[in-house]
Amino acid sequence: FVRSFATSAQRANAFNHVTVIGGGLMGSGIAQVAASTGHTVSLVDQDNTILGKSMNGIHKSLERVAKKKFENPAAGEAFVKDTMGRISTATSPITCVSHTDLVIEAIVENLETKKKLFRELEAVAPDNTSSIPITDIAVAAKRKDRFGGLHFFNPVPMMKLLEVIRIPATSDATFDKLLAFGKDMEKVTVSCKDTPGFIVNRLLVPYMLEAVRMVERGDASIQDVDTAMKLGAGYPMGPFELSDYVGLDTMKFILDGWSKNYPDNPLFKPSSLLDKMVAQGKLGRKSGEGFYPYKK
Ligand code: 3HC
């Protein structure tokens, strides 16, 4: 949600201060890249334990970026320190949104939870989702002209793409600012209609689910499907490695939302294997086990 169109004498960035709501993988990654590209950032989540974990993750990721970006270790350390210094944390979005230029929502993939957040924020509105139509979320926003969709990809520091979505009510000024923000974040932007999953998830999630169904049917093993897609289609990760990376709970949230809204689309049918694994707490890398085991 675009709160103001402030300009800065010091920086050419479209926005100066960015509030990111949600300190999970996506929120942390967005906060990190916003800070490393010169924005000041407030990262908001429910409690300080989660935020401590987010800040740790950001620090680790920044060190990896610094190692690649700077030959001189002192310059790398300064980059990490400066970037960390631009991020502050908060447990309530209300305190941040009064002085922010852009609010990016990166909370759980659930329409009701997203709408609840809107109602709490009243005057502001979230901005980022990956599978829920932006228009459905915008129902809760009062100033729809300042509302649009920003869809980042995990890991945000590495993935070069940003999908920028407008709803009919999004003003040209807001849309242009969101595109400019994408450029400031050093991403390549693409746009599409407010269609389920936008471009990437609309193609990627059914593909990943069909891989799960192949294994459920006993057509091939997890390892062979992954090897096949890496070596036969040039993907950096196979669909099961990627599912573990994205999180099986996130996959399930996306699929449940779609199958509820589009019950006749066979691509969006629930998967009993995915449901079972999520019920067992096998959520992928973050829980220590998904389709593969991981060291905690
Ligand atoms: N932060 C910073 N740097 C990172 C990083 C991170 N989180 N992850 C990887 N890197 C960089 C580091 O420089 C790393 O080198 P290092 O280990 O010496 O630090 C380098 O990348 C190589 O990483 P790895 O050796 O761990 O492995 P890969 O070469 O396979 O690269 C990858 C990792 C970039 C994640 C690559 O495997 C990839 O592109 N995977 C596919 C990711 C993808 O498809 N994402 C989209 C998911 S869908 C989504 O997000 C939408 C949502 O709505 C569901």
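Keep in mind that this is a model prediction, so the values were computed, not measured. (Residues numbered from 1 in each chain as written. Predicted model: local features only at pLDDT ≥ 70, side-chain atom pairs only at ≥ 80, totals over all residues.)

Undergrad: Give a description of the overall build of the chain that names residues and reports values.
TA: Each helix and strand in the chain was counted, giving 12 helices and seven strands. When each of the 296 residues of the chain is scored for burial, the buried share is 45%. When contacts within the chain are restricted to residue pairs at least 6 apart in sequence, long-range pairs at least 24 apart make up 60% of them. (Helix = DSSP H or I, 4+ residues; strand = E, 2+ residues; numbered from the N terminus. Buried ≥ 20, exposed ≤ 12 C-beta atoms within 10 Å, placed from the backbone. Contact = placed C-beta atoms within 7 Å.)

Undergrad: Which residues make up the packing of helix H8 (residues 200-216) against helix H10 (residues 239-246), and what are the values?
TA: Between H8 and H10, whose axes approach to 9 Å, the crossing angle comes to 115°. Our pair here, H8 against H10, has a crossing hand that is left-handed. Residue-level inspection shows Tyr207, Met208 and Ala211 of H8 in contact with H10, the latter providing Pro239, Phe240, Leu242 and Ser243. Taken together, the residues of the contact of H8 with H10 sort by class into six nonpolar, one polar and no charged. (Axes fitted to C-alpha atoms, helices over the stretch in contact; angles between N-to-C directions. Left-handed = near helix turned anticlockwise from the far one by under 90°. Nonpolar A, V, L, I, M, F, W, Y, C, P; charged D, E, K, R; others polar.)

Undergrad: I'd love a proper account of the pairing of strand S2 (residues 40-44), names of residues and values included.
TA: For S2, the buried fraction is high: four of the five residues fall into the buried class. Note: strand S1 (residues 17-21) against S2, five bridges, orientation parallel. Note on S2: the bridge partner recorded for Val18 is Val41. With helix H1 (residues 25-36) bridging S1 and the parallel S2, this β-α-β connection has right-handed handedness. (Pairing = 2+ DSSP bridges. Right-handed = clockwise from strand over helix to strand, strands pointing away.)

Undergrad: Any chance you could break down the sheet that holds strand S3 (residues 87-90) for me, citing the residues and the numbers?
TA: On the basis of which strands lie adjacent, the open sheet formed by four strands has the order S3-S2-S1-S4 and parallel pairing. Across the chains shown, the open sheet's two edge strands, defined by having one partner strand only, are S3 and strand S4 (102-105). Geometrically, the sheet is characterised by an average inter-axis angle of 20° between neighbouring strands, direction not taken into account. Relative to S3, S2 runs parallel, the two sharing four bridges. Each residue of the ladder has a partner; that of Val41, found in S3, is Ile87.

Undergrad: Please set out the domain arrangement of the chain residue by residue, giving values where relevant.
TA: Each assigned domain of the chain is listed with its residue range as follows: domain 1 (17-192) and domain 2 (202-287). Centre-to-centre separation of domain 1 and domain 2, based on C-alpha positions: 26 Å. (Domains from an automatic or database assignment.)

Undergrad: How would you explain the nonpolar core if you had to name every residue and give the values?
TA: One recurring pattern in soluble globular proteins is that nonpolar side chains are buried together. Counting 42 residues, the largest nonpolar core has Val20, Ile21, Ile30, Ala31, Ala34, Val41 and Ile104 as its most contacted members. When residues of this core are traced back to their parent elements, those giving at least two are S1, H1, S2, helix H2 (48-69), helix H4 (93-97), S4, strand S6 (161-165) and helix H7 (172-184). When residues in this core are grouped by element, the largest group, seven residues, is from H1. Val205, Leu248, Phe253 and Val278 belong to the second largest nonpolar core, which has 22 residues in total. (Core = buried A, V, L, I, M, F, W, Y, C linked by C-beta atoms within 7 Å.)

Undergrad: Any chance you could break down the sheet that holds S6 for me, citing the residues and the numbers?
TA: Pairing in this open sheet of three strands is mixed, and the strands run S5-S6-S7 from one edge to the other. Two strands bound the open sheet, and with one partner strand each, they are strand S5 (149-151) and strand S7 (188-192). On average, each strand axis in the sheet is inclined to that of its neighbour by 25°, with strand direction left out of account. One ladder, built from five bridges, connects S6 with S7; its direction is parallel. Looking at S7, one finds that Glu163 is bridged to Val190. Set on the sheet, H7 makes contact with S5, S6 and S7; between it and S6 the angle comes to about 175°.

Undergrad: Account for helix H9 (residues 222-233), naming residues and giving values.
TA: The end-to-end C-alpha distance of H9 is 16 Å, a good match for the 16 Å that 12 residues give at a rise of 1.5 Å each. Next to the buried residues of H9 lie H8 and H10. (Expected span 1.5 Å × (residues − 1).)

Undergrad: How would you explain H10 if you had to name every residue and give the values?
TA: Summarising burial for H10: seven of the eight residues are buried, a large majority. Within the span of H10, buried status applies to Pro239, Phe240, Glu241, Leu242, Ser243, Asp244 and Val246. Against the buried residues of H10 lie H8, H9 and helix H11 (248-261). Count one or two residues on from H10 and you reach Gly247, which has phi positive near 110°.

Undergrad: If you had to explain unusual backbone geometry to someone new, which residues and values would you point to?
TA: Cis geometry is adopted by the peptide bond preceding Pro155, which originates at Asn154 and carries an omega value of 0°. If you trace the backbone, Pro155 turns up in the loop between S5 and S6. Unlike most non-glycine residues, Glu186 shows phi in positive territory, near 65°. When you line up the elements, Glu186 lands in the loop between H7 and S7. For Glu186, a count of 12 C-beta atoms within 10 Å puts it in the exposed group. In this structure, Phe198 is a non-glycine residue whose phi angle is positive, near 50°. Along the chain, the position of Phe198 falls in the loop between S7 and H8.

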